[in-house]
Amino acid sequence: DFVVLTVASDRTWDDVKKVLPGGAPFQVVLDPPADIGKPGPTDDDNLGAIAQAWGIKAVPESFVIDKKGNVRMYLINKRDWDSSVAETCLQALIDE
């Protein structure tokens, strides 16, 4: 009983497809960087408005959010979500 949602701070869907050439088994939301249309590099060159609103400074980052909108787990850097350790951590949140 959960949903996996990826927020992709890419400029276009073609950029997303380069990272996920076989598609994704979950919903992907495009969150283009805020600098599109602005001249010159900015601090937020790689982050879209959604990522910035969550205070993300670099990607990837992962959040586990419950149905009430509470952040239950926050992870910096890439995680292997297929590992038994990840499954155990998520199950521990469910069992609380």
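Structure: above.
Scope of this entry: the structure provided in the associated data block.

**Some details on the overall build of the protein chain**
Of the regular secondary structure elements, the protein chain holds 3 helices and 4 strands. Beginning at the N terminus, the succession of helices and strands in the protein chain can be written as β-α-β-α-β-β-α. For the protein chain, the proportion of its 96 residues judged to be buried stands at 21%. Restricting to contacts in the protein chain with at least 6 residues of sequence separation, those with at least 24 account for 16%. Looking at the protein chain as shown, the accessible area adds up to about 7,400 Å², and 56% of this sits on carbon and sulfur atoms.

**Some details on the packing of aromatic side chains**
Scanning all chains against the criterion turns up 2 aromatic pairs. With centroids separated by 4.9 Å and ring planes inclined at 55°, the aromatic side chains of tryptophan 54 and phenylalanine 63 adopt a geometry described as tilted. Given the relative accessible area of 42%, tryptophan 54 is considered partly exposed. Here phenylalanine 63 falls in the partly exposed class, since its relative accessible area comes to 25%. Ring centres 4.9 Å apart and planes at 40° place the aromatic pair phenylalanine 63 and tyrosine 74 in the tilted group. On the criterion of sequence distance, the pair formed by phenylalanine 63 in strand 3 (residues 61-65) and tyrosine 74 in strand 4 (residues 71-76) is long-range, its members being 11 residues apart. Feature note: the residues Trp54, Phe63 and Tyr74 constitute an aromatic cluster, connected by ring pairs.

**Side note on the pattern of salt bridges**
When charged atoms on two side chains of opposite charge get close, those side chains can pair. One pass over the full model with this rule turns up 1 salt bridge. The partner of lysine 18 in a salt bridge is aspartate 15, and the shortest N-O contact between them spans 3.7 Å. Here aspartate 15 and lysine 18 lie together in helix 1 (residues 13-19), a separation of 3 residues that amounts to about one turn. Classification of aspartate 15 by relative accessible area gives partly exposed; the value is 22%.

**Examining the layout of surface pockets**
In this model, the largest pocket occupies a volume close to 2,100 Å³. Around the largest pocket sit 42 residues that line it, and Val4, Leu5, Ser62, Phe63 and Trp81 are the ones nearest its centre. Counting residues per element, the ones that place at least two in the lining of the largest pocket are strand 1 (5-8), helix 1, helix 2 (49-53), strand 3 and helix 3 (84-95). Per-element tally for the lining of the largest pocket: the top contributor is helix 3, with 6 residues. Its residues assigned to classes, the lining of the largest pocket comprises 25 nonpolar, 5 polar and 12 charged.

**Some details on the pairing of strand 2 (residues 27-30)**
Bridging between strand 1 and strand 2 involves 4 bridges; their strand directions are parallel. Within strand 2, the residue paired with leucine 5 across the bridge is glutamine 27. Note that the unit made of strand 1, helix 1 and strand 2 has a crossover that is right-handed.

**Thoughts on unusual backbone geometry**
Cis geometry is adopted by the peptide bond preceding proline 60, which originates at valine 59 and carries an omega value of 5°. Its location among the elements puts proline 60 in the loop between helix 2 and strand 3.

Criteria and cut-off values
- Residues numbered from 1 in each chain as written.
- Predicted model: local features only at pLDDT ≥ 70, side-chain atom pairs only at ≥ 80, totals over all residues.
- Heavy atoms only, no water.
- Helix = DSSP H or I, 4+ residues; strand = E, 2+ residues; numbered from the N terminus.
- Buried < 20%, exposed > 50% of the residue type's maximum accessible area, 1.4 Å probe, protein only.
- Contact = heavy atoms within 4.5 Å.
- Areas by Shrake-Rupley, 256 points an atom, 1.4 Å probe, with all protein chains shown as cover.
- Phe/Tyr/Trp six-rings, centres within 6.5 Å; stacked < 30°, edge-to-face > 60°.
- Salt bridge = Lys/Arg side-chain N within 4 Å of Asp/Glu carboxyl O.
- 1 Å grid on protein atoms, 1.4 Å probe; cavity = no way out; pocket = protein on both sides within 12 Å on 5 of 7 lines; lining within 4 Å.
- Points joined across faces, edges and corners; volume = space filled by probe spheres on them.
- Nonpolar A, V, L, I, M, F, W, Y, C, P; charged D, E, K, R; others polar.
- Pairing = 2+ DSSP bridges.
- Right-handed = clockwise from strand over helix to strand, strands pointing away.

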